[in-house]
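# Examining the three-dimensional arrangement
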Amino acid sequence: MKNILFVCSFLLISVYLSGHSFESESFLLMDKSFEDYGSWKTETQPEGFIALTGNNTYRKRESKPAKANIEIVKAGEYKIWVFDRDYHHEQGTRYFNVALNGRILPNTFGQHGNNCFSWTDVGTFYLEEGKNLIELFDTSGYYARFGGLFITDDKQFVPPSDIKVLAQSIPPIDLLKGFENPTFPDWATKEGAFKKNV
């Protein structure tokens, strides 16, 4: 029974994503894509993925942006989507902003009115070849939640409502990849190697 459910789920995902050209340039940023979290924190969501969470109002002045870089191979027009969270309770109060190469994008995120994470269509922007800087600004200072950012030159593609489905076909940029099982020199693995001498 489990095998049948797995096959059905795989087929549904395949059919949905068949509309996306895998020859396109597409990038998915999630929690492990950021080289600097700033004042944001990581938090596992009930939906089963890790989001970045902003601070509370008392620490708003101490807010620092989270930073990530995307390496663009081919300069051109790219569509940008942001996966942001809003709530029915105190709707629109947990908001944040995103900057691309030092310029704030036109949308304020976390104000889409749905009681869930949802993709916000930011629009199309010209990205230069090489590194492009993404920054998250915790402008509300009230527990804003960022789930992900998707950039693609396939302007017709609309990402699925479940970010985990998208991540199966377009793996998120992962700065920790290759460091899951680090190796250490022999001296570092000996018992008492880091014991403080008194």
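Residues numbered from 1 in each chain as written. Predicted model: local features only at pLDDT ≥ 70, side-chain atom pairs only at ≥ 80, totals over all residues. Heavy atoms only, no water.

## With respect to the overall build of the protein
- Within the protein one finds three helices and ten strands.
- The order of α-helices and β-strands along the protein, N terminus first, is α-β-β-β-β-β-β-β-β-β-β-α-α.
- Across the 198 residues of the protein, 42% fall into the buried class.
- The long-range fraction of contacts in the protein, counting pairs at least 24 apart against all pairs at least 6 apart in sequence, stands at 78%. (Helix = DSSP H or I, 4+ residues; strand = E, 2+ residues; numbered from the N terminus. Buried < 20%, exposed > 50% of the residue type's maximum accessible area, 1.4 Å probe, protein only. Contact = heavy atoms within 4.5 Å.)

## Some thoughts on the packing of aromatic side chains
- Tallied over the full model, the rule gives eleven aromatic pairs.
- With a centroid separation of 5.9 Å and 50° between ring planes, the pair formed by Phe 49 and Phe 83 is classed as tilted. Placement of Phe 49 in the loop between β2 (41-44) and β3 (50-53) and of Phe 83 in strand β5 (residues 76-85) is noted, with a sequence separation of 34 residues between them.
- Using a relative accessible area of 6% as the deciding quantity, one classes Phe 49 as buried.
- A relative accessible area of 2% places Phe 83 in the buried class.
- For the ring pair Phe 83 and Trp 119, a centre distance of 4.7 Å and an interplane angle of 40° mean the geometry is tilted. Here Phe 83 is found in strand β5, whereas its partner Trp 119 is found in strand β8 (residues 117-127), with 36 residues between them in sequence.
- Above the face of the Tyr 87 ring, Arg 94 is positioned so that its terminal group lies 4.3 Å from the ring centre. (Phe/Tyr/Trp six-rings, centres within 6.5 Å; stacked < 30°, edge-to-face > 60°. Lys NZ or Arg CZ within 6 Å of the ring centre and 35° of its normal.)

## Observations concerning the nonpolar core
- With 26 residues, the main nonpolar core has Val 98, Phe 146, Leu 149 and Ile 151 as its most contacted residues.
- Those elements that place two or more of their residues in this core are β1 (26-29), β4 (66-72), β5, β6 (97-100), β8, β9 (130-137) and β10 (145-152).
- Among the elements that make up this core, the one with the highest residue count is β4 (four residues).
- Among the nonpolar cores identified, the runner-up in size contains 13 residues, and Trp 81, Phe 117, Trp 119 and Leu 166 belong to it. (Core = buried A, V, L, I, M, F, W, Y, C linked by side-chain atoms within 4.5 Å.)

## Quick notes on the side chain of Asp 138
- With respect to the element layout, Asp 138 can be found in the loop between β9 and β10.
- Relative accessible area serves as the criterion here: at 5%, Asp 138 is assigned to the buried category.
- Among the polar contacts made by the side chain of Asp 138, one reaches the main-chain amide nitrogen of Asn 55 at a distance of 2.9 Å.
- Dropping the residues within four chain positions of it, Asp 138 is found in contact with Trp 40, Gly 54, Asn 55, Ser 63, Tyr 95, Phe 96 and Ala 144. (Polar contact = N/O pair within 3.5 Å; in protein donor to acceptor, adjacent residues only side chain to side chain.)

## What about the layout of surface pockets?
- Within this model, the largest pocket holds a volume of roughly 200 Å³.
- If you trace the largest pocket, you find it lined by Met 30, Asp 31, Lys 32, Phe 49, Ile 50, Pro 171, Pro 172, Asp 174 and Lys 177.
- Looking at the lining of the largest pocket residue by residue, the classes come out as five nonpolar, no polar and four charged. (1 Å grid on protein atoms, 1.4 Å probe; cavity = no way out; pocket = protein on both sides within 12 Å on 5 of 7 lines; lining within 4 Å. Points joined across faces, edges and corners; volume = space filled by probe spheres on them. Nonpolar A, V, L, I, M, F, W, Y, C, P; charged D, E, K, R; others polar.)

## Here we look at the pairing of β2
- Examined bridge by bridge, β2 and β3 share four bridges and lie antiparallel to one another. Considered in β3, the bridge of Lys 41 is made with Thr 53.
- Joining the antiparallel neighbours β2 and β3 is a turn of five residues, in which Gly 48 adopts a positive phi near 100°. (Pairing = 2+ DSSP bridges.)

## Some details on the pairing of β8
- Burial within β8 is extensive, with eight of its eleven residues counted as buried.
- Relative to β8, β5 runs antiparallel, the two being bridged by ten bridges. When the bridges of β8 are listed, Tyr 78 appears paired with Phe 125.

## A few points about unusual backbone geometry
- The phi dihedral of Glu 90 falls on the positive side, at around 50°, and the residue is not glycine.
- Mapped onto the fold, Glu 90 is located in the loop between β5 and β6.
- Under the relative-accessibility criterion, Glu 90 is labelled partly exposed at 36%.
- Even without a glycine there, the phi angle at Asn 101 is positive, about 50°.
- Position of Asn 101 relative to the elements: it lies in the loop between β6 and β7 (103-104).

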